[in-house]
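Descriptive structure summary
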Amino acid sequence: MRILLLTPGTGHFFCGSCLRDDALRRALTGLGHDVTVAPLYLPLVLEEPEGELPVHMGGINMYLQQKSPGLARWMPRWLTDRLDHPGVLRWAARRGSMTEARDLGEMTLSMLRGEEGQQSLEVEKLVTWAAATNPRPDVIVLSNVMLSGIARRLRQELPGTAIVATLQGEAPFLDGLPEPFAGQAWRTLIERTADLDAMIAVSHYYAEHMRQKLQLPAERIQVVHNGIDPRDFPKTPRPLAERTPPTIGFLARMCEDKGLGRLVQAFAQLKRRGSVEGLRLHVAGVMLREDQTYVDRMRRTLQDASCLDDAQFSPNITRAEKLAFLSSCRALSVPSTCGEAFGLFVLEALAAGVPVVQPQHGAFPELIEATRGGLLCAADDPKGEALADALEQLFLDPPRAQDLADHGHRAVHARFSAERMAEEFAAVCSMAARVQSTQSRISHEPCPTPPPRRSSG
């Protein structure tokens, strides 16, 4: 099966969706499928890059067409191509957000409108490129459903090609847009999903959440749990008791939505209790320029609690550093305040033999039930008290903690591999491709000529 995967890049930092898409691409290729990846907006940032790919619908041109459509339409092609150069886009990405909240809402809505939006020039360039590929793809995969705005033109120019979208974390972003753009964006997305042949959610929780948001029948959405490549994770992890000093890990973007503040509060409480001797906190993951103020506030909170010396912050770590970080933790918690569609960090922690403690919302109950690799705590926990209690249980009951770690490790390696994810994903795509190919063939077959009418004379 020939697959074209359209996935937005970040330009200068790792994101869970990009890492998941790359694992999917590698696993699909390993199964014998022909996969072409096309980054959108910004270059991809991957843990194991395999060369620079050209960027389509480049972020600078998209922004200019939103803010100065007249100027953008008169710009020569050589200049717009130059603005799509990965190096130029990386430079722009590092400068931070180019839009305010209102601009972000207007641009998101425009992009959802596809050929009817301000970025129609970029949509046409992408569609023209995709239609010129030889041989044409059997399936085009949109990394997230917010790319549905381009599906209509893709369908028109590539008849017989199925279009499949992944559902992985769009809702918090769209809900966070200012009004009236949030409501308008959801209404536009509901309309545009009619152009899709299938949708694949990364969890049962998120499938139901998006089914309600998009007002869809249940059969329109399939579920394929995310998976990871386990080859770099230990087959026999180091026992938790040998990981000293006892450390709680955090592995996500260092921001409020990921619950870093709650974990800091919980850690301060545990230090005050003094029940776990030598306890430390290690915060690792993405830290953007706009996160610096928040991280500084977390440091002050730890300083006020007299435990800053027992905390470590490791921003923007590499894959090797991530693996070393996980091997040093006795527990991991990312107490997100919004409903996570999945939470790839849960699989990574369990693959490294680290039990997790997560709030009881989003996809976390589903993952904990499937892996038996951790504990759940109350989701409504602004001061981190329930989180502190659950973490304390793990540290004060080493046999139970090790049992959870062992169960989770076995479950991830047996049931949450990237290969399993790719097999299930390919099955959905293959079905969509067969249906679309049949429909396209029928629609292009000439109507049978009716027999001549006999004369009644």
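These notes cover the structure that comes with them.

Criteria and thresholds
Residues numbered from 1 in each chain as written. Predicted model: local features only at pLDDT ≥ 70, side-chain atom pairs only at ≥ 80, totals over all residues. Heavy atoms only, no water. Helix = DSSP H or I, 4+ residues; strand = E, 2+ residues; numbered from the N terminus. Rg over C-alpha atoms; globule rule 2.2 N^0.38 Å. Buried < 20%, exposed > 50% of the residue type's maximum accessible area, 1.4 Å probe, protein only. Contact = heavy atoms within 4.5 Å. Areas by Shrake-Rupley, 256 points an atom, 1.4 Å probe, with all protein chains shown as cover. Lys, Arg positive; Asp, Glu negative; His and termini not counted. Charge placed at Lys NZ, Arg CZ, Asp CG, Glu CD. Pairing = 2+ DSSP bridges. Axes fitted to C-alpha atoms, helices over the stretch in contact; angles between N-to-C directions. Phe/Tyr/Trp six-rings, centres within 6.5 Å; stacked < 30°, edge-to-face > 60°. Salt bridge = Lys/Arg side-chain N within 4 Å of Asp/Glu carboxyl O. Right-handed = clockwise from strand over helix to strand, strands pointing away. Core = buried A, V, L, I, M, F, W, Y, C linked by side-chain atoms within 4.5 Å. Parallel < 35°, antiparallel > 145°, perpendicular 65-115°, else oblique.

**Some thoughts on the overall build of the chain**
- Of regular secondary structure, the chain possesses 19 helices and 12 strands.
- Computed over C-alpha atoms, the radius of gyration of the chain comes to 24 Å, within 12% of the 23 Å expected from 2.2 N^0.38 for 457 residues, which places it in the range of a compact globule.
- Seen through its C-alpha atoms, the chain measures out along the principal axes to roughly 105 × 50 × 40 Å.
- The burial tally for the chain puts 55% of its 457 residues in the buried class.
- In the chain, 75% of the contacts between residues at least 6 apart in sequence involve partners at least 24 apart.
- Accessible surface computed for the chain: about 20600 Å², of which carbon and sulfur atoms make up 52%.
- Distance from the positive charge centre (51 side chains) to the negative charge centre (55 side chains) of the chain: 3 Å.

**Observations regarding the sheet that holds strand 4 (residues 162-167)**
- Spatially, 6 strands are ordered 2-1-3-4-5-6 in an open sheet, and the strand pairing comes out parallel. This sheet does not close on itself; its edge strands, each paired only once, are strand 2 (34-40) and strand 6 (221-223). For this sheet, the mean inter-axis angle between neighbouring strands, taken without regard to orientation, is 25°.
- Pairing geometry for strand 3 (residues 139-142) and strand 4, over 4 bridges, is parallel. Across the sheet, leucine 142 pairs through a bridge with alanine 165, a residue of strand 4.
- Across the sheet, helix 11 (residues 204-214) is in contact with strand 4, strand 5 (198-201) and strand 6; its angle to strand 6 comes to roughly 170°.

**Examining the packing of aromatic side chains**
- As enumerated under the stated definition, the model contains 2 aromatic pairs in all.
- Where tyrosine 205 meets tyrosine 206, the ring centres are 6.4 Å apart and the plane angle is 45°; that geometry is what we call tilted.
- Ring geometry for phenylalanine 345 and phenylalanine 364: centres 6.1 Å apart, planes at 50°, overall tilted. A residue pair is termed long-range when its members are at least 10 positions apart, and phenylalanine 345 in helix 15 (residues 344-351) and phenylalanine 364 in helix 16 (residues 364-371) qualify at 19 residues.

**A word on the pattern of salt bridges**
- For the structure on display, the rule yields 32 salt bridges.
- Salt bridges here are not isolated pairs; linked through shared partners, they connect Glu115, Glu116, Arg152, Glu191, Arg192 and Asp195.

**Thoughts on helix 15**
- In terms of residue burial, helix 15 counts as a mostly covered element, since 8 of its 8 residues are buried.
- Of all the residues in helix 15, the buried ones are Leu344, Phe345, Val346, Leu347, Glu348, Ala349, Leu350 and Ala351.
- Glycine 353 occupies a position one or two residues after helix 15 and carries a positive phi of about 80°.

**Here's the deal with the pairing of strand 8 (residues 280-285)**
- Buried residues dominate strand 8, accounting for 5 of its 6 residues.
- Alignment of strand 7 (residues 247-251) against strand 8, held across 5 bridges, turns out to be parallel. Across the sheet, the residue bridging to isoleucine 248 is leucine 281, located in strand 8.
- Read as a crossover between parallel neighbours, the route from strand 7 over helix 12 (residues 260-273) to strand 8 is right-handed.
- As paired strands, strand 8 and strand 9 (residues 311-315) are joined by 5 bridges and run parallel to one another.

**As for the nonpolar core**
- Counting residues in hydrophobic clusters, the biggest one holds 119 residues, and the most contacted among them are Leu6, Leu142, Leu154, Met199, Ile248 and Leu332.
- Among all residues touching leucine 6, those that are not within four sequence positions of it are Ala38, Leu40, Leu126, Ile140, Val141, Leu142, Ser143, Leu147, Ile150 and Leu154.

**What to know about the pairing of strand 12 (residues 374-377)**
- As paired elements, strand 11 (residues 356-359) and strand 12 share 4 bridges and run parallel to each other. Bridge assignment links proline 359 to a residue of strand 12, and that residue is cysteine 377.
- Tracing the backbone out of strand 11, into helix 16 and back to the parallel element strand 12 gives a crossover that is right-handed.

**Considering the packing of helix 10 (residues 181-192) against helix 11**
- Put simply, helix 10 and helix 11 touch, their axes get as near as 9 Å, and they point 95° apart. It follows that helix 10 is roughly perpendicular to helix 11 by the angle criterion. Mapping the contact onto sequence places Trp186, Leu189 and Ile190 in helix 10 and Met210, Lys213 and Leu214 in helix 11.

**Notes on helix 2 (residues 59-67)**
- Most of helix 2 is tucked away: 7 of the 9 residues are buried.
- Within the span of helix 2, buried status applies to Gly59, Ile60, Asn61, Met62, Tyr63, Gln65 and Gln66.

**Some thoughts on the environment of threonine 7**
- Position of threonine 7 relative to the elements: it lies in strand 1 (residues 2-8).
- Threonine 7 sits 136 residues away from serine 143 along the chain, and the two C-alpha atoms are 4.9 Å apart.
- Contact partners of threonine 7, with chain neighbours within four places excluded, come to Asp21, Val37, Ala38, Pro39, Leu40, Leu44 and Ser143.

**A closer look at the environment of methionine 146**
- Within the secondary structure, methionine 146 sits in the loop between strand 3 and helix 8 (151-157).
- Its relative accessible area of 21% is what places methionine 146 among the partly exposed residues.
- C-alpha of methionine 146 to C-alpha of arginine 192: the two residues are 46 residues apart in sequence and 9.2 Å apart in space.
- The residues touching methionine 146, leaving out its near neighbours within four places in the chain, are Leu112, Glu170, Phe173, Leu174 and Leu189.

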